[in-house]
Amino acid sequence: MRTRCEIWAPAKLNLGLRVLGRRADGYHDILTRFVAVDLYDQLVFTRRIAGGVSLQLQVDSAGVRPGEFPLDEGNLILRAVRLVERAAGIRASLSISIRKTIPIAAGLGGGSADAAATLLAMTRLYGIDVPPRELGAWGAQLGADVRFFLGESAAMGRGRGDELTPISLFRQWWAILVTPPVFVSAGDVYGDLRLTLGAKAANFHDCRDREGFLAALRRSHNDLEAVVLRRAPEILLWQGRLREQGAAGVFVSGSGPTVFGVYMSQPSEKTVQSLRGGGTGARVEVARPVTTPLALVVQ
Ligand code: C5P
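Since the structure is predicted, the reported quantities are computational estimates derived from the model, not experimental observations. Each chain carries its own residue numbering, running from 1 in the direction its sequence is written. Local features are withheld for residues below a pLDDT of 70 in this predicted model, meaning they are given only at 70 or higher, and side-chain atom pairs are given and counted only at 80 or more; totals for whole chains, interfaces and linings count all residues. The basis for the side-chain values is all heavy atoms of the structure; hydrogens and waters are excluded.

Draft legend 1. Molecular detail of the overall build of the protein chain. Secondary structure follows DSSP: runs of H or I at least 4 residues long count as helices, runs of E at least 2 residues long count as strands, and numbering of each begins at the N terminus. Summing up its helical and strand segments, the protein chain has nine helices and 11 strands in all. Projected onto its principal axes, the C-alpha coordinates of the protein chain cover approximately 55 × 40 × 35 Å. Buried, partly exposed and exposed residues are distinguished by accessible area as a fraction of the type maximum, computed with a 1.4 Å probe on protein chains only: under 20%, between the cut-offs, and over 50%, respectively. Burial analysis of the protein chain (299 residues in total) assigns 55% to the buried set. By the convention used here, residues are in contact when the closest approach between their heavy atoms is within 4.5 Å. Contacts spanning at least 24 positions in sequence make up 76% of the contacts within the protein chain whose residues lie at least 6 apart. Only carbon and sulfur atoms are counted for the fraction: they give 50% of the accessible area of the protein chain, which is about 13200 Å². Using the Shrake-Rupley algorithm and a 1.4 Å probe, accessible areas are obtained, with residue cover drawn only from the displayed protein chains.

As structure tokens, then:
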């Protein structure tokens, strides 16, 4: 049996997000277009003879500010381990090392991607034969976005965001992601939403070619944006700066605070450096859509 497994877990962007209504379970029904992009957390899982489960954060983890990444049982990675232990009736002894690059609590799905990577690694390392559908259901127990990372690299999400339909997507574009140094909780953002329903099921048109993609960008909108802007008004300035650089569309991802611009040609180093300058404390990254949601690098 394998004893080591390395997985690169990507970030996701929401190219549009409509909130359709409140649900009885405390969540909201949404309609969103998920796209995985090449900003990766790198996770290495190593089985050991005994000693239980340990989690270490690599010191060169760009995505983490001090105290932001709990290494205890509250971490979604360890919750994923416990879930598999219960579901498969095993007791894991495992060392997990993560090099975190995806900004935390940023609307980029980093925690969910790490949880999905953990579910996949556990099934490989412990030879657990679980059908994809069931693995997805395990993921959905951990968070609304986890299932996306276990499926296709571009998908429409309905329900809580975990009822997924793969989509074909034009992929010749770049995104500049800006994550300002503010904390906005997803629960608070959804909780603050003034729902003006009537919720037409947005214009999530086909976007497999350049033209369709550009049309879809023009019609897309994130309903959570207004709430995020109230909590972090500096995002408005970032939206302006991203537009100035020629963005074909500018969106808040998920419940923020990350805002991203979509560009049809590769942003120059000069552009990126100018956005990084000025001591704002914001993370600025360039990313492209990927074709594999979870990249199993070494088994
Ligand atoms: O599932 P996850 O833990 O990522 O969601 C965080 C919070 O965001 C939820 O507790 C809920 O308050 C809110 N949420 C929601 N509707 C969704 C997704 C998330 O209300 N579709």
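The rest of the description comes next.
Draft legend 2. Just helix 1 (residues 76–88), in detail. In this model, helix 1 (13 residues) spans 18 Å end to end at C-alpha, consistent with the 18 Å of a helix rising 1.5 Å per residue. Of the residues making up helix 1, those classed as buried are Leu76, Ile77, Leu78, Ala80, Val81, Arg82, Leu83, Val84 and Glu85. Under this definition, polar contacts are N or O atom pairs within 3.5 Å; protein pairs additionally need one hydrogen-donor-capable and one acceptor-capable atom, and for neighbouring residues in sequence, both atoms have to be side-chain atoms. Capping the start of helix 1 is the job of one residue whose side-chain oxygen sits 2.8 Å from the backbone nitrogen of isoleucine 77: asparagine 75. Two residues or fewer past helix 1, glycine 89 is found with a positive phi of approximately 65 degrees. Here the expected span of a helix is defined as 1.5 Å times the quantity of residues minus one.

Draft legend 3. View of the packing of helix 1 against helix 3 (residues 132–142). Interaxial angles span 0 to 180 degrees and are taken between N-to-C directions of axes, which are lines fitted to C-alpha atoms, for helices over the stretch in contact. At a minimum axis distance of 10 Å, the contact between helix 1 and helix 3 shows a crossing angle of 135 degrees. One way to sum up the angle between helix 1 and helix 3 is to call them oblique. In the packing of helix 1 onto helix 3, the handedness of the crossing is right-handed. Seen from helix 1, the contacting residues are Leu76, Arg79, Ala80, Leu83, Val84 and Ala87; seen from helix 3, they are Trp138, Gln141 and Leu142. Three residue categories are used. Nonpolar comprises Ala, Val, Leu, Ile, Met, Phe, Trp, Tyr, Cys and Pro, charged comprises Asp, Glu, Lys and Arg, and polar comprises the others, including Gly. A class-by-class count of the residues in the contact of helix 1 with helix 3 yields seven nonpolar, one polar and one charged. What sets the label is the angle itself: under 35 degrees gives roughly parallel, over 145 gives roughly antiparallel, 65 to 115 gives roughly perpendicular, and the rest give oblique. Should the near helix be turned anticlockwise from the far one by less than a right angle, the crossing is termed left-handed; should it be turned clockwise, right-handed.

Draft legend 4. Highlighting the sheet that holds strand 8 (residues 249–252). At least two bridges found by DSSP between two strands is the condition for calling them paired. Pairing within the open sheet is antiparallel, and its four strands lie in the order 8-9-7-10. Taken across any chain shown, the strands that pair with only one partner, and hence form the sheet edges, are strand 8 and strand 10 (283–287). The mean angle between the axes of side-by-side strands here comes to 20 degrees, regardless of whether they run parallel or antiparallel. In this sheet, strand 9 (residues 259–263) lies alongside strand 8 in antiparallel orientation, the contact comprising four bridges. When the sheet's bridge partners are listed, glycine 249 is paired in strand 9 with valine 262.

Draft legend 5. Structural view of the site of the ligand. In this text, near means that some heavy atom of the residue lies within 4 Å of the molecule or strand in question. Neighbouring residues of the ligand: Gly26, Tyr27, His28, Ile30, Gly143, Ala144, Arg160, Ala186, Gly187 and Tyr190. One of the side-chain nitrogen or oxygen atoms of histidine 28 is found 2.8 Å away from an oxygen atom of the ligand. Here a nitrogen atom of the ligand and a backbone polar atom of arginine 160 are 2.9 Å apart. Taken by itself the ligand offers 460 Å² of open surface, and the protein chains cover 73% of this. If you list the elements that add at least two residues to the shell around the ligand, you get strand 2 (28–47) and helix 5 (186–191).

Draft legend 6. Looking closely at the packing of aromatic side chains. Each Phe, Tyr or Trp ring, with Trp reduced to its six-membered ring, pairs with another whose centre is within 6.5 Å; inter-plane angles below 30 degrees give stacked pairs, above 60 give edge-to-face pairs, and intermediate values give tilted ones. Taken as a whole and judged by the stated rule, the model has six aromatic pairs. When the ring of phenylalanine 170 is compared with that of phenylalanine 213, the centres are 5.9 Å apart and the planes differ by 45 degrees; the resulting orientation is tilted. Here phenylalanine 170, found in the loop between strand 6 (163–166) and strand 7 (174–179), pairs with phenylalanine 213, found in helix 6 (residues 210–219); they are 43 residues apart in sequence, far enough to count as distant. Comparing phenylalanine 170 with phenylalanine 213, the two get one shared label, buried. The interplanar angle of 40 degrees and the centroid separation of 5.7 Å between the aromatic rings of phenylalanine 251 and phenylalanine 260 together place this pair among those described as tilted. Each member of the pair, phenylalanine 251 as well as phenylalanine 260, is classed as buried.

Draft legend 7. View of the pattern of salt bridges. Here, a salt bridge means any side-chain nitrogen of Lys or Arg that lies within 4 Å of a carboxyl oxygen of Asp or Glu. This model, assessed by the stated rule, comprises 16 salt bridges. One salt bridge connects arginine 91 with glutamate 85, and the closest N-O pair in it is separated by 3.1 Å. A relative accessible area of 7% means that glutamate 85 is categorised as buried. Bridged by salt links that share partners, the residues Glu73, Arg82, Glu85 and Arg91 form one connected network.

Draft legend 8. Local environment of the domain arrangement of the protein chain. Marked domain ranges trace back to an automatic or database domain assignment. For the protein chain, the domain assignment lists domain 1 (4–166 + 291–298) and domain 2 (174–287). Contact with domain 1, which involves 29 residues of that partner, is made by 40 residues of domain 2. Between domain 1 and domain 2 the total buried area reaches about 2700 Å² when both faces are included, carbon and sulfur atoms providing 62% of it. Measuring nitrogen to oxygen at the nearest pair gives 3.0 Å for the salt bridge that ties aspartate 223 to arginine 18. Joining two parts hides part of their accessible area as seen by a 1.4 Å probe, and the buried area is that hidden amount summed over both.

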